[in-house]
Amino acid sequence: SGARLSDASRAALEECSQTVQVNEENCYDVRYDYSKMGVVLEPRFQWTGVATRVERTVVLKVVQSSYSDVAGVTEADRVAALNGRCVIGMSHAAVLEALRTAERPMVVTYERARPGEGSVLGECLTKVNISPTAPWRLTDWDEGYFVLRSHIAAEHVLLLFPSRAVYEDAVETVYRGEELPVEQQPQSYEIGPLYNVTPLRTKQYADGVVHWMVLKPPIVIGKPIKIGGRNLPELRRLHEAIRALSATPAPGGG
């Protein structure tokens with residue numbers, strides 16, 4: 001996955017290490033000739049110390065069968081250098097402009113995401129009520145899109161949008177430095193030790209299976225919310241991330 005680093009890329013990473021710690025063994029080059037990159041990039045802050053951070057350009061999505069996909073680029077990988085020039089410390093806008101105007105062929109040096117990094121996101125179903133059971137009918141669920149570890153909120157804040165399109169519009173709005181209009185404002189939950197989450201459960205409907213959990217905030221904050229979905233791997237990843245941030249013990253734990 002990805003090519004070995006060139007000497008120019010190694011030199012660029014040494015320069016990058018003056019801004020953030022970069023492990024050369026965790027980086028790789030991808031050479032783009034004249035094909036489209038096939039990635040969606042978003043800005044995200046990387047903390048470098050107490051109250052100090054640097055903006056990074058991060059892979060939000062890799063287009064299936066694109067050049068990047070074939071080369072082994074994955075979600076949450078970070079752009080570190082371009083044509084032997086360090087881009088860490090540059091704004092996301094500046095990195096995008098550099099990628100857009102770079103002469104081809106161009107070599108992009110990516111830093112592989114560490115386990116647990118990257119946004120946890122996906123389509124979901126939600127229902128806010130105090131009932132301990134899943135909604136009786138599939139149509140009783142509300143369609144939505146969950147995001148945890150997003151650029152537009154602290155890493156421990158779970159955001160629930162009406163749809164993926166609304167989330168992507170919100171990212172663009174925040175990046176422009178504007179306040180979110182009412183229609184882009186998500187439900188938000190600051191997951192912490194006072195929160196709890198139930199194990200994943202399954203509900204069989206005539207139109208298919210829904211996997212779901214109940215997120216329980218402190219009573220003073222609000223009612224429990226059921227979060228479900230049809231994609232079990234996506235929902236399981238969200239469940240594990242919430243459990244790691246909350247007081248919920250691991251399965252089999254105390």
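What you see is a predicted model, and the numbers here were worked out from it, not measured in a lab. (Residues numbered from 1 in each chain as written. Predicted model: local features only at pLDDT ≥ 70, side-chain atom pairs only at ≥ 80, totals over all residues. Heavy atoms only, no water.)

A.B. asks: Would you explain the overall build of the protein chain in this entry?
C.D. replies: Scanning the protein chain from N- to C-terminus turns up five helices and 14 strands. Here the C-alpha coordinates of the protein chain stretch approximately 60 × 40 × 40 Å along the principal axes. Counting every position in the protein chain, which comprises 254 residues, the buried fraction comes to 45%. Taking contacts inside the protein chain between residues at least 6 apart in sequence as the whole, the part at least 24 apart equals 59%. Put simply, the protein chain shows about 13700 Å² of open surface, and 51% of that area lies on carbon and sulfur atoms. Taking the 28 positively charged and 31 negatively charged side chains of the protein chain as two groups, their mean positions are separated by 6 Å. (Helix = DSSP H or I, 4+ residues; strand = E, 2+ residues; numbered from the N terminus. Buried < 20%, exposed > 50% of the residue type's maximum accessible area, 1.4 Å probe, protein only. Contact = heavy atoms within 4.5 Å. Areas by Shrake-Rupley, 256 points an atom, 1.4 Å probe, with all protein chains shown as cover. Lys, Arg positive; Asp, Glu negative; His and termini not counted. Charge placed at Lys NZ, Arg CZ, Asp CG, Glu CD.)

A.B. asks: What should I look at first to understand the layout of surface pockets in this one?
C.D. replies: Space left empty within the atom packing is revealed by a probe, the size of a water molecule, rolled over the atoms. Counted as a void, the largest pocket has a volume near 320 Å³. For the largest pocket, the lining is made up of 15 residues, of which E75, L121, G122, Y145 and E234 are closest to its centre. Only β3 (52-62), β7 (120-128), α4 (164-175) and α5 (232-245) provide two or more residues apiece to the lining of the largest pocket. Among the elements that line the lining of the largest pocket, the one with the most residues is β7, at four residues. Looking at the lining of the largest pocket, its residues break down into six nonpolar, two polar and seven charged. (1 Å grid on protein atoms, 1.4 Å probe; cavity = no way out; pocket = protein on both sides within 12 Å on 5 of 7 lines; lining within 4 Å. Points joined across faces, edges and corners; volume = space filled by probe spheres on them. Nonpolar A, V, L, I, M, F, W, Y, C, P; charged D, E, K, R; others polar.)

A.B. asks: How do you make sense of the pattern of salt bridges when you look at a structure like this?
C.D. replies: Pairs may arise between side chains of opposite charge once their charged atoms sit close together. All told, the structure shown has ten salt bridges when counted by the stated rule. D77 is the salt-bridge partner of R112, the closest N and O atoms lying 2.7 Å from each other. Separated by 35 residues along the polypeptide, R112 in the loop between β6 (106-111) and β7 and D77 in the loop between α2 (67-71) and β4 (78-82) bring together distant segments of the chain. Neither residue differs from the other here; R112 and D77 are each classed as buried. Among the ionic pairs, R137 bridges to D140, the shortest N-O distance being 3.2 Å. With relative accessibility at 21%, the residue D140 sits in the partly exposed group. (Salt bridge = Lys/Arg side-chain N within 4 Å of Asp/Glu carboxyl O.)

A.B. asks: Hey, could you run me through the state of the cysteines in this one?
C.D. replies: Covalent bonding between the sulfur atoms of two cysteines is what defines a disulfide. With the rule as written, the count across this model stands at one disulfide. Disulfide partner of C16: C86, at an S-S distance of 2.3 Å. Because the sign of the S-S torsion sets the handedness, a value of about 125° for the bond joining C16 and C86 places this disulfide among the right-handed ones. Of this pair, C16 sits in helix α1 (residues 7-16) while C86 sits in strand β5 (residues 85-86), and the two are 70 residues apart along the sequence. As far as the burial class goes, C16 and C86 line up, both buried. (Disulfide = S-S within 2.5 Å.)

A.B. asks: Looking at this model, I keep getting lost on the pairing of β7. Mind explaining?
C.D. replies: The two faces of a sheet get side chains in turn, since along a regular strand they alternate between them. The sheet contact formed by β7 and strand β8 (residues 142-148) spans seven bridges and is antiparallel. Looking across to β8, one finds that L121 is bridged to V147. Bridge analysis of β7 against strand β14 (residues 225-229) gives four bridges, and the strand direction is antiparallel. Note that in β14 the partner of T126 across the bridge is I227. (Pairing = 2+ DSSP bridges.)

A.B. asks: Would you mind showing me how to read the packing of aromatic side chains here?
C.D. replies: In this description, a pair of aromatic rings is defined by centroid distance and the angle of the planes. For the structure shown, the criterion picks out four aromatic pairs. With 5.5 Å between their ring centres and 20° between their planes, Y28 and Y110 make a pair best called stacked. Taken together, the residues Y28 in strand β1 (residues 27-32) and Y110 in strand β6 connect sequence positions 82 residues apart. Judged on exposure class, the residue Y28 and its partner Y110 are both buried. For the pair Y32 and Y67, a centre-to-centre distance of 5.5 Å together with 45° between the ring planes defines the contact as tilted. In this pair, Y32 sits in strand β1 while Y67 sits in helix α2, placing the two residues 35 residues apart along the sequence. On the accessibility criterion, Y32 (0% relative accessible area) is buried. On the basis of relative accessibility, which here comes to 36%, the residue Y67 falls in the partly exposed class. Members of the aromatic cluster, joined through ring pairs, are Y145, F161 and Y167. The ring of Y205 is capped by K203, whose NZ or CZ atom sits 5.8 Å from the centre of that ring. (Phe/Tyr/Trp six-rings, centres within 6.5 Å; stacked < 30°, edge-to-face > 60°. Lys NZ or Arg CZ within 6 Å of the ring centre and 35° of its normal.)

A.B. asks: What is the right way to look at the side chain of T198 in this model?
C.D. replies: On the secondary structure map, T198 appears in the loop between β11 (196-197) and β12 (201-205). Side-chain polar atoms of T198 contact the backbone nitrogen of V214, separated by 2.9 Å. When neighbours within four sequence positions are excluded, T198 is seen to be in contact with M213, V214, K216 and H239. (Polar contact = N/O pair within 3.5 Å; in protein donor to acceptor, adjacent residues only side chain to side chain.)

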